[in-house]
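What follows is each chain in one-letter form.
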Number of protein chains: 2
Amino acid sequence: MEVLVPFAGREPKTRLADCLRPDERAAFARAMCLDVCAAVADAGHEPTVLSTAPIDVDWPVVVDERPLTEAVNAALVPPTAVVMADLALLTPAAVRRLVGTDGEVVLAPGLGGGTNAAVVRHDEFRFDYHGASVRDHRDRARAVDAALATVDSFRLAVDVDEARDLVEVLLHGTGRAKRWLTDAGFAVETTEGRVVARR
Amino acid sequence: MEVLVPFAGREPKTRLADCLRPDERAAFARAMCLDVCAAVADAGHEPTVLSTAPIDVDWPVVVDERPLTEAVNAALVPPTAVVMADLALLTPAAVRRLVGTDGEVVLAPGLGGGTNAAVVRHDEFRFDYHGASVRDHRDRARAVDAALATVDSFRLAVDVDEARDLVEVLLHGTGRAKRWLTDAGFAVETTEGRVVARR
């Protein structure tokens, strides 16, 4: 199946500004994107990076400068999957679970209401990534009478947006993004509650 | 299978102090515990609340005042599962996936390095819930030559510890904890990044 991997090519990962410099954010975002594409390909599917700016990767790239919602909907030819480029915990097994889930609209919720991954097998469904998008996408699937399914996956739920997410990559990542963080000096630090990544 | 549900009966959920009063935290923690026990029972298993203080619930309760690690290890008679009492997104399906996963030690990672749920089918494995416990538990399973497996579940990964977790209950909860939050005036509020629960 074709898998769109939306990537913010211009100023990626601005919400990591408190722990990474702009050049580091770009390099780390690219490492995550490569991990996602590799997991998709290793699961037997075809990743296409849908980027807002040119990006140098060994995978097909489509450049579309428009906002996420418009760009994804324009590229959507069902059946298609959409997997965000910052899912640094993604594994081929998680991709197989996503694509292997029956349903005309299959949603994988992200932390904080996002829609981190989806499969669309219905001609009338369109994305709207603003706000609590996973709730909106559930409503939109019902509105077009699409059979709705949800994938319950930690690896699909953790997108790396904020400093507190980095520790998940250190603990559960297996690829370039984890190596990038380790090489940049990040390590797991114990706190009173959840552990964090610090350097 | 017997499922231990550890519950901090004395001053539960102190890290929710910035958004809930002490009496609210106690009521909300009890609602979550009841949801967890109901999901376990609906999946065909037997919950036992392992509490640090007496708690009024219609499920078997064992009171053990010791810290979490000591109390769980003392109650552990394999095969046994351990499911934390603050997994407010838990469903019978998630419990079935946990218990249905083969392995002598089955771990479900929580956000920030926790071990939110586990199944132990090995006589020598013992828990240690401090720090990045999921990493330590992986090491401990290997140290006793136990066949290790991991359950990739969003519903098992989200424990409700901090204010930012409440929105997950509003978006994905199905039981008493969600109703409690709604009745207390919490609603989903959109922000620039992940959405949050506010009242």
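Residues numbered from 1 in each chain as written. Chains lettered and ligands numbered in written order. Predicted model: local features only at pLDDT ≥ 70, side-chain atom pairs only at ≥ 80, totals over all residues. Heavy atoms only, no water.

A. How the structure looks around the packing of helix H1 (residues 22-42) of chain B against helix H3 (residues 92-99) of chain B. All names here are of chain B. Interhelical geometry of H1 versus H3 gives an angle of 65 degrees and a closest axis separation of 8 Å. Here the hand of the crossing between H1 and H3 comes out right-handed. Seen from H1, the contacting residues are Ala-39, Val-40 and Asp-42; seen from H3, they are Pro-92, Val-95 and Arg-96. By residue class, the composition of the contact of H1 with H3 is four nonpolar, no polar and two charged. (Axes fitted to C-alpha atoms, helices over the stretch in contact; angles between N-to-C directions. Helix = DSSP H or I, 4+ residues; strand = E, 2+ residues; numbered from the N terminus. Left-handed = near helix turned anticlockwise from the far one by under 90°. Contact = heavy atoms within 4.5 Å. Nonpolar A, V, L, I, M, F, W, Y, C, P; charged D, E, K, R; others polar.)

B. Quick look at the interface of chain A and chain B. The partner chain B presents 33 residues to the 33 residues of chain A that form the contact. Both sides of the chain A and chain B interface together cover about 2,700 Å² of buried area, and 52% of this is carbon and sulfur. Considering only the side of chain A, the residues that lose the most area to chain B are A:Asp152, A:Phe154 and A:Arg194, jointly responsible for 29% of the buried surface there. The interface formed by chain A and chain B contains six salt bridges. A salt bridge links A:Arg97 to B:Asp152; the shortest N-O distance between them is 3.5 Å. At the boundary of chain A and chain B, one finds 18 residue pairs in polar contact (both at pLDDT 80 or more). Secondary-structure elements contributing two or more residues to the side of chain A that touches chain B are helix H3 (92-99), helix H4 (133-143), helix H5 (154-157) and helix H6 (166-172) of chain A. In terms of residue count, the dominant contributor to the side of chain A that touches chain B is H6(A) (four residues). (Buried area = accessible area lost by both parts, 1.4 Å probe. Salt bridge = Lys/Arg side-chain N within 4 Å of Asp/Glu carboxyl O. Polar contact = N/O pair within 3.5 Å; in protein donor to acceptor, adjacent residues only side chain to side chain.)

C. Looking closely at the sheet that holds strand E5 (residues 105-109) of chain B. All names here are of chain B. The strand order across the open sheet built from seven strands is E3-E2-E1-E4-E6-E5-E7, with neighbouring strands paired in mixed fashion. The open sheet has two edge strands with one neighbour each: strand E3 (61-63) and strand E7 (148-150). This sheet shows a mean twist of 20 degrees between the axes of neighbouring strands, independent of strand direction. Across six bridges, the pairing between strand E1 (residues 2-7) and strand E2 (residues 46-51) is parallel. When the bridges of E2 are listed, Leu-4 appears paired with Thr-48. Relative to the sheet, helix H2 (residues 68-75) contacts E1, E2 and strand E4 (80-83), its axis offset from that of E1 by approximately 160 degrees. Relative to strand E6 (residues 115-120), H3 is tilted by about 50 degrees, and along the sheet it contacts E4, E5 and E6. (Pairing = 2+ DSSP bridges.)

D. The relation of the copies chain A and chain B, seen in detail. Laying chain A over chain B is done by rotating through 180 degrees and shifting 0.0 Å along the axis; what remains is an RMSD of 0.0 Å. In symmetry terms, the pair is related by a two-fold rotation axis. Here 100% of the contact residues of chain A are again contact residues in chain B; the copies associate through an equivalent surface. (Least-squares fit on C-alpha atoms with pLDDT ≥ 70 in both.)

E. Inspection of the environment of A:Ala38 at higher detail. Summarising the element assignment, A:Ala38 is placed in helix H1 (residues 22-42). Spatially, the C-alpha atom of A:Ala38 lies 25 Å from that of A:Gly103, the residues being 65 residues apart in sequence.

F. Highlighting the nonpolar core. In terms of nonpolar packing, the biggest core is built from 49 residues, with A:Phe28, A:Leu166 and B:Phe28 touching the most fellow members. Only H1, H5, H6 and helix H7 (176-183) of chain A together with H1, helix H5 (154-157), helix H6 (166-172) and helix H7 (176-183) of chain B provide two or more residues apiece to this core. Once residues within four sequence positions are removed from consideration, A:Phe28 is found in contact with A:Leu16, A:Leu20, A:Val160, A:Leu166, A:Ala177, A:Trp180 and A:Leu181. (Core = buried A, V, L, I, M, F, W, Y, C linked by side-chain atoms within 4.5 Å. Buried < 20%, exposed > 50% of the residue type's maximum accessible area, 1.4 Å probe, protein only.)

G. Expanded view of H7(B). All names here are of chain B. Of the residues making up H7, those classed as buried are Ala-177, Trp-180 and Leu-181. Buried residues in H7, looked at end-on, bunch into an arc of 95 degrees, giving them a common side. For H7, the elements touching its buried residues are H1 and H6. Directly after H7, the chain includes Gly-185, whose backbone phi takes a positive value near 100 degrees. (Arc of directions from axis to C-beta.)

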